[in-house]
Amino acid sequence: MTVAAGVGYVLIALGPALSLFASVIAKKPFLILTLLSSTLFWLISLIILAGAWRAFLPVKSTELWPYSILILTSVGFQEGIRIGFWRLFKKMEDMLNAFADRVSKPRLFLTDKMQLALAGGLGHGLAHAVFFCLSLLTPAFGPATFYVDKCPSIPFFLISAIIALGFVIIHTFSMVIAFNGYTEGKRKDQIFVPFAHLIAALITLINLVPGGCNIGLPLLCIMAGTTLYYNWQLVWRRLTEHQTTRSSD
Amino acid sequence: MDDRSTDSDPVTAGESSILDTLGEDVIRIVSPVSLCMLLVVLLVSSVSSTNDLSSSISSLFLSSTTTPTSFSSLNLLLLGSDSTWEEIKSALVTALSFVVVVTLLTFLLVLLFYFRCTNFLRIYMGISSLFVLSFLGGFISLLLISHFKIPIDPFTFAILLFNLSVVGVFAVFMPKFPISMNQGYLVAIGVLTAYWFTMLPEWTTWALLIAMSLYDLAAVLLPIGPLRLLVELAMSRNEEIPALVYEARPVDPQPGDRVRVWRERTDVRIEATENSTNSATVQTVQETRLAVSEEITAPLIEAFPQTGDRHLGTEEEEDGIGLGSSGAIKLGLGDFIFYSVLVGRAAMYDYMTVYACYLAIMAGLGVTLLLLAVYRKALPALPVSIMLGVVFYLLTRVLLEVFVVQCSSNLLMF
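All values reported here derive from a predicted model rather than from experimental measurement. (Residues numbered from 1 in each chain as written. Chains lettered and ligands numbered in written order. Predicted model: local features only at pLDDT ≥ 70, side-chain atom pairs only at ≥ 80, totals over all residues. Heavy atoms only, no water.)

1. Thoughts on the packing of helix 8 (residues 202–221) of chain B against helix 9 (residues 226–237) of chain B
Residues and elements named next belong to chain B. Close contact between helix 8 and helix 9 brings their axes to 5 Å; oriented N to C, the two are set at 40°. As the angle between them shows, helix 8 and helix 9 are arranged oblique. At the point where helix 8 passes helix 9, the crossing takes the right-handed sense. Seen from helix 8, the contacting residues are Tyr215, Asp216, Ala219, Val220 and Leu221; seen from helix 9, they are Pro226, Leu227 and Arg228. Split by residue class, the contact of helix 8 with helix 9 holds 6 nonpolar, no polar and 2 charged. (Axes fitted to C-alpha atoms, helices over the stretch in contact; angles between N-to-C directions. Helix = DSSP H or I, 4+ residues; strand = E, 2+ residues; numbered from the N terminus. Parallel < 35°, antiparallel > 145°, perpendicular 65-115°, else oblique. Left-handed = near helix turned anticlockwise from the far one by under 90°. Contact = heavy atoms within 4.5 Å. Nonpolar A, V, L, I, M, F, W, Y, C, P; charged D, E, K, R; others polar.)

Right, here's the structure in full:
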């Protein structure tokens, strides 16, 4: 539906991500590198999943259960990878601290670590938006639009853009929550992230039902908002705790 | 906007963390490479060059060339055949002949450098960049003008083209030119040459990329490799190799910057191969192109021999990692070109392959820089990235696309 519509869909999916990038990440070169590597990680996990599922695709049935197995395995795999990602993050943190000691600069601050987690999460979210939404947007730059059978009220591109937006937010901030949870050892945070991811993915299953996207999309946005709120509370708490411990030194 | 002295953390205002400046070097080389790739993808997708176009161009040049070389007849054969096996065979033959020509020319370059014909090489480099900017730039501008129906008259076009080409030659040729113009024109030359290469038939492009990366690996690491000889010659004389090299220096020099002479390999060969594939062009242009490719080579080395004696833990070593230092990484233009050719060819299939190949190439570049920091000797910049790019292209095309389309068309995402 013309270049304007195509660009509009891109901005719907990636608007918050771009503003996060411009305001936080573009200023520190290392964060850009973290973003690129976490995008690569997500892509590799997606390729592994696609390889594992290749034999069973395309799923011809319209029933729910093959898709739910697909979703469950994918989400489970990605959450497992997140723990591996955290281990790598710890190693990188140690290397950075050692480097900081060598050049006699201060070690990583709490905000640095959170920014690294944010960059990692944004990389994941960006990868999701790019591969699930942007790569399919090419026809949107042309003269027509496309509607899926199950959802005749909203153009396909708009639905995928909004879902991508929801997932960008969820991926970005669940990484911050997860890293904080693993660092502090708090069960609540550690459980929240896979849970939120799973619920969000299961919500998209609602889209399989005819007319389901009218319910699925708002629910997904609510889920994204919940993750955002949880992250906000967590970061606020940690920063105030950190400030009080430092000022009490 | 935060500057380096204030942190966003209110507790540590006034202290700067290492995260502020770490990785600056790498980003300063990643940005132009990404820009080059982006421009090539945009060019490819807007002025879609199909095989029909390349065949028509080749036939156009074939008819005007005075002495058709064996390559041109081979090209004609290439474009005439349709079956896949024929295409693969001709692609392999073309790629192989390319590599052979490039090897010979690189040895010629080593010989010329040995006999201290540096001026000759520099002038040759200037003339070849003039050719690339004016002929290729003119051709691609004409394509763009006809596609987007831009109203411009021939005289304005000629004046603009002439001016831009001449300034470009000065920008890459003269040492005291502003660095931002130098960098901009180098990226432009990379974009033009890479776009030209994407006009090759598909199998030929892939065969060429793989052959060039293998050649790269051999020429830099083997003891008899021409590039290695070139590096050792340059190091023993402590001279700069005349080449088209992108220097990732910051545009505004900050106080205390030291210009570390890290010379990264460029793909001299790549340029040479480009020339061979465009065998349809006139002999002189072919030579020029070859010269350009030769120019491009610049091995990945550390020019100051005394730094090799320093031990771990010194300032030099930290800078050696390439993180947070104020030196300049130099990447050869051939690397730019081949990365962009790979991404441009991926763009001809689908955008998903573009993103996957872009990430793969960036990963390869990162790995190469890491290896450089570890080994501290001349390293080829092509093989890792190209191999990763090809692998990811295949994986995306075979595995990922089906999976993602299946999920997205049912509006299932995770």
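2. Focus on the interface of chain A and chain B
Counting from both sides, the interface comprises 67 residues of chain A and, opposite them, 52 residues of chain B. Each partner contributes to the roughly 5400 Å² buried at the junction of chain A and chain B, and carbon and sulfur atoms together form 76% of this total. Linking chain A with chain B are 0 salt bridges, by the criterion used here. Where chain A packs against chain B, one counts 5 residue pairs in polar contact (both at pLDDT 80 or more). With 16 residues, the top contributor of residues to the side of chain A that touches chain B is helix 2 (residues 29–53) of chain A. (Buried area = accessible area lost by both parts, 1.4 Å probe. Salt bridge = Lys/Arg side-chain N within 4 Å of Asp/Glu carboxyl O. Polar contact = N/O pair within 3.5 Å; in protein donor to acceptor, adjacent residues only side chain to side chain.)

3. Concerning a nonpolar patch on the surface
Residue and element names in this part refer to chain A. Together, Val3, Val7, Leu11, Leu18 and Phe141 line one region of the surface with nonpolar side chains, adding up to about 410 Å² of accessible area. Examined against the element boundaries, Leu11 turns out to sit in helix 1 (residues 2–25). Given the relative accessible area of 46%, Leu11 is considered partly exposed. (Patch = residues over 30% accessible without salt bridge, like charges linked within 9 Å, V, L, I, M, F, W, Y side chains within 5 Å. Areas by Shrake-Rupley, 256 points an atom, 1.4 Å probe, with all protein chains shown as cover. Buried < 20%, exposed > 50% of the residue type's maximum accessible area, 1.4 Å probe, protein only.)

4. Comments concerning the state of the cysteines
For the structure shown, the criterion picks out 1 disulfide over all chains. The residue that forms a disulfide with Cys151(A) is Cys213(A), at a sulfur-sulfur distance of 1.6 Å. A torsion of 70° about the S-S bond marks the disulfide between Cys151(A) and Cys213(A) as right-handed. Remark: Cys213(A) occurs in helix 7 (residues 213–247) and Cys151(A) occurs in the loop between helix 4 (110–133) and helix 5 (156–184); sequence separation between them is 62 residues. For the pair formed by Cys151(A) and Cys213(A), the shared burial category is buried. Free of any disulfide, Cys133(A) has its nearest cysteine sulfur in Cys221(A), 13 Å distant. Under the relative-accessibility criterion, Cys133(A) is labelled buried at 0%. The thiol sulfur of Cys36(B) is not disulfide-bonded, and the nearest other cysteine sulfur, from Cys357(B), lies at 15 Å. On the accessibility criterion, Cys36(B) (0% relative accessible area) is buried. (Disulfide = S-S within 2.5 Å.)

5. Observations concerning the nonpolar core
Membership of the largest hydrophobic core comes to 190 residues, with the highest contact counts inside it found for Phe403(B) and Phe414(B). By residue number, the principal contributor to this core is helix 5 of chain A, which donates 17 residues. (Core = buried A, V, L, I, M, F, W, Y, C linked by side-chain atoms within 4.5 Å.)

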